[in-house]
Number of protein chains: 2
Amino acid sequence: MPEHPLQGEAARWFDSLRDRLVAGFEAIEDERPGDTPPGRFVRTPWSRPGGGGGVMAILKGRVLEKAGVNVSVVEGEFSSEFRGRIPGATDDPRFWAAGVSVVVHPCSPHVPAAHMNTRMIVTTRAWFGGGADLTPVFADADDTAAFHRALKSACDAADPGYHPRFKTWCDEYFFLPHRREARGVGGIFFDELNSGDAAADFGFVRGVGLAFLDVYPQLIRRHMHRPWTADERRAQLIKRGRYVEFNLLYDRGTLFGLKTGGNPEAVLMSLPPEVAWP
Amino acid sequence: MPEHPLQGEAARWFDSLRDRLVAGFEAIEDERPGDTPPGRFVRTPWSRPGGGGGVMAILKGRVLEKAGVNVSVVEGEFSSEFRGRIPGATDDPRFWAAGVSVVVHPCSPHVPAAHMNTRMIVTTRAWFGGGADLTPVFADADDTAAFHRALKSACDAADPGYHPRFKTWCDEYFFLPHRREARGVGGIFFDELNSGDAAADFGFVRGVGLAFLDVYPQLIRRHMHRPWTADERRAQLIKRGRYVEFNLLYDRGTLFGLKTGGNPEAVLMSLPPEVAWP
């Protein structure tokens, strides 16, 4: 298998970020009184037939209707279908990949849904990828500004050129052509990041994770105590339908995961718990 | 635009089958007493930027949570992306296509969901395609047998070789590789049907429509008065999630419709009204 000096450290980082996200979301569950007990993550390890595996952690709570945090460390060989499309895999199809992904679908239509993932991939080359984006039902200008500000800080700490590029990339990526609409209010998206300084790239990826860990819980807390109407809930269920359409029709990570024999439960963990199509 | 002597008659047939399906489903709505009025189809005409259009008819009722019947007659030119993959379109990209499609998601988890569609496509060549399949939450051997029997009769009237081929094709087509499971209990699927006798092929396509029109309402009536539990409803919502996964990940008609600038509301009419992912 391909080896890179940062592999072990990257895998440990994704695990530790998972632990902090899990603790952060469980603390939020404790803060809102309710008839039901606070949600807790249930961890399910899974292994990949081709090599490696991961741990899926899912919480179904009273603030977060469904929150999923998945870490994986997998290795194997790309099928001939993928070889030509993966950097550095044409002649040697072996790969190693690790990452963390988080998707949150809150109970309240006033709390935006959010996604973040970061990953390291090693073939005969090595790179990082990831992103974070916010999907409100009713966009709130303060939330949007705070989310972009946090990601911009993480980007600027690495390279002032990153944020404009990665924000535009996000807007282009999370777009539903058939609806001619954006999935949400954006964030950042980046892939095949290899600046030539892997330690710096890994530092940037850690910064993106920490920025999300800091800002998203603030947005949840800002709205989690506000009541909502049946009409607002209905609007949320329909908005979630667009989320499903995006993930199953266009999301590269989803399609890649399903086509390379990934665990479907882990790959589709991103799908909302309840959805409506009008 | 390409022309075929059966075009006008085919378009009229799809319209008339739509009218009979609509009348059949509205009669079922009348038969079940309820607190809400019987569902009625609402028709919405739409036009396609490239040429032609259709009429979407949707019912949201007390037996049928969502039933959609769509007819369309469209014409235009295949984009360069599609030309090489469409029979007879490589050198002359112009096409004419007409069809009817119906998708029913019943309220009761005891009533199977079902789909049927038939279409005629004309390029420099001409052919028919279509199919019908049944998606129960809790498979019922009698329903399954009745459904297959009806389609077999329609097939056998045209060619005794059709049913075995088209039933297998259906099983292969409506399969979710990432779940390693079938969408439902099958039916028939056929495409690029051109036996050399267009009138006979059109007769077969009419027979498939009539077989569905006859058998599916019987299956609805068999179960529509039976009560259900919250657990059975939950199982239905989860089963519907698999239906969404199939349609957005694999269904050629859906992907083709969205990529060729079809009306997204009409193309995605097949998606269930309420869905859950556990």
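About the criteria used
- Residues numbered from 1 in each chain as written.
- Chains lettered and ligands numbered in written order.
- Predicted model: local features only at pLDDT ≥ 70, side-chain atom pairs only at ≥ 80, totals over all residues.
- Heavy atoms only, no water.
- UniProt positions renumbered as here; feature names shortened; annotations may be inferred.
- Helix = DSSP H or I, 4+ residues; strand = E, 2+ residues; numbered from the N terminus.
- Rg over C-alpha atoms; globule rule 2.2 N^0.38 Å.
- Buried < 20%, exposed > 50% of the residue type's maximum accessible area, 1.4 Å probe, protein only.
- Contact = heavy atoms within 4.5 Å.
- Areas by Shrake-Rupley, 256 points an atom, 1.4 Å probe, with all protein chains shown as cover.
- Lys, Arg positive; Asp, Glu negative; His and termini not counted.
- Charge placed at Lys NZ, Arg CZ, Asp CG, Glu CD.
- Buried area = accessible area lost by both parts, 1.4 Å probe.
- Salt bridge = Lys/Arg side-chain N within 4 Å of Asp/Glu carboxyl O.
- Polar contact = N/O pair within 3.5 Å; in protein donor to acceptor, adjacent residues only side chain to side chain.
- Nonpolar A, V, L, I, M, F, W, Y, C, P; charged D, E, K, R; others polar.
- Pairing = 2+ DSSP bridges.
- 1 Å grid on protein atoms, 1.4 Å probe; cavity = no way out; pocket = protein on both sides within 12 Å on 5 of 7 lines; lining within 4 Å.
- Points joined across faces, edges and corners; volume = space filled by probe spheres on them.
- Axes fitted to C-alpha atoms, helices over the stretch in contact; angles between N-to-C directions.
- Least-squares fit on C-alpha atoms with pLDDT ≥ 70 in both.
- Parallel < 35°, antiparallel > 145°, perpendicular 65-115°, else oblique.
- Left-handed = near helix turned anticlockwise from the far one by under 90°.

An unreviewed UniProt entry annotates chain A as coproporphyrinogen oxidase originating from Defluviicoccus vanus. Regarding chain A, the relevant UniProt record gives this comment under Pathway (unreviewed entry): "Porphyrin-containing compound metabolism; protoporphyrin-IX biosynthesis; protoporphyrinogen-IX from coproporphyrinogen-III (O2 route): step 1/1."

Q: Even after reading the chapter, I still don't get the overall build of chain A, so can you show me in this structure?
A: The helix and strand inventory of chain A stands at 8 helices and 10 strands. A compact globule built from 278 residues should have a C-alpha radius of gyration of about 19 Å, and chain A, at 18 Å, falls within 12% of that. Taking the principal axes of its C-alpha atoms as reference, chain A extends roughly 55 × 40 × 35 Å. When burial is assessed residue by residue, chain A has 56% of its 278 residues classed as buried. Long-range pairs, those at least 24 residues apart, make up 68% of the contacts in chain A with a sequence separation of at least 6. A total of about 11,400 Å² of accessible surface is found on chain A, and carbon and sulfur atoms cover 52% of it. Taken together, the 33 basic and 35 acidic charged side chains of chain A have centroids lying 3 Å from each other.

Q: Explain the interface of chain A and chain B here, please?
A: Where interface size is given, it is often the accessible area lost as the parts come together that is meant. Contacts between chain A and chain B engage 22 residues on the former and 22 residues on the latter. Buried area between chain A and chain B, summed over both chains or domains, comes out near 2,000 Å², and the portion from carbon and sulfur atoms is 63%. Seen at the junction of chain A and chain B, the total is 2 salt bridges. The salt bridge involving Glu265(A) is made with Arg179(B); its shortest N-O contact spans 3.0 Å. Across the chain A-chain B interface, the total number found is 6 residue pairs in polar contact (both at pLDDT 80 or more). Of all the secondary-structure elements, those providing two or more residues to the side of chain A that touches chain B are α6 (230-249), α7 (252-259), α8 (264-267) and β10 (274-276) of chain A. The residue inventory of the side of chain A that touches chain B, partitioned by class, reads 14 nonpolar, 1 polar and 7 charged. Bridging between β10(A) and strand β10 (residues 274-276) of chain B involves 3 bridges; their strand directions are antiparallel. Residue pairing for β10(B): Ala276(A) is matched across the bridge by Glu274(B).

Q: Looking at this model, I keep getting lost on the layout of surface pockets. Mind explaining?
A: Space left empty within the atom packing is revealed by a probe, the size of a water molecule, rolled over the atoms. All names here are of chain A. Size it by volume and the second largest pocket reaches roughly 1,300 Å³. Looking at the second largest pocket, it is lined by 47 residues, and the ones nearest its centre are Arg119, Arg252, Gly253, Phe256 and Gly257. Looking at the lining of the second largest pocket, the elements with two or more residues in it are β3 (64-77), α2 (80-83), β4 (94-106), β5 (113-122), β9 (186-193), α6, α7 and α8. Grouping the amino acids of the lining of the second largest pocket by side-chain chemistry returns 22 nonpolar, 15 polar and 10 charged.

Q: I tried to follow the sheet that holds strand β4 (residues 94-106) of chain B on my own but got confused; where do I start?
A: All names here are of chain B. Strand order in the open sheet formed by 7 strands is β1-β2-β3-β4-β5-β6-β9, and the pairing between neighbours is antiparallel. Where the open sheet ends on each side, the last strands, each with one partner, are β1 (42-47) and β9 (186-193). In this sheet, neighbouring strand axes are inclined to one another by 10° on average, regardless of whether the strands run parallel or antiparallel. Across 13 bridges, the pairing between strand β3 (residues 64-77) and β4 is antiparallel.

Q: Before we go on, may I ask you to explain the relation of the copies chain A and chain B in this structure?
A: Superposition of the two copies of the chain requires a rotation about an axis and a shift along the axis. Each copy superposes on the other: chain A lies on chain B with an RMSD of 0.0 Å after a rotation of 180° and an axial shift of 0.0 Å. This pairing of chains is accounted for by a two-fold axis. When the interface residues of chain A are mapped onto chain B, 100% of them again lie at the interface, so the same face is used by both copies.

Q: In this structure, what is going on with the packing of helix α3 (residues 141-158) of chain A against helix α5 (residues 198-223) of chain A? I would like to understand it.
A: Two quantities define a packed helix pair, namely the angle between the axes and the distance from one axis to the other. Residue and element names in this part refer to chain A. Axis separation between α3 and α5 bottoms out at 9 Å; the angle between their running directions is 165°. Considering their axes alone, α3 and α5 lie roughly antiparallel with respect to each other. Between α3 and α5 lies a crossing of right-handed hand. Across from Asp142, Asp143, Ala146, Phe147, Ala150, Ala154, Cys155 and Ala158 in α3, the residues of α5 making contact are Phe204, Gly207, Val208, Ala211, Phe212, Val215, Leu219, Arg222 and His223. For the contact of α3 with α5, the residue count by class is 12 nonpolar, 2 polar and 3 charged.

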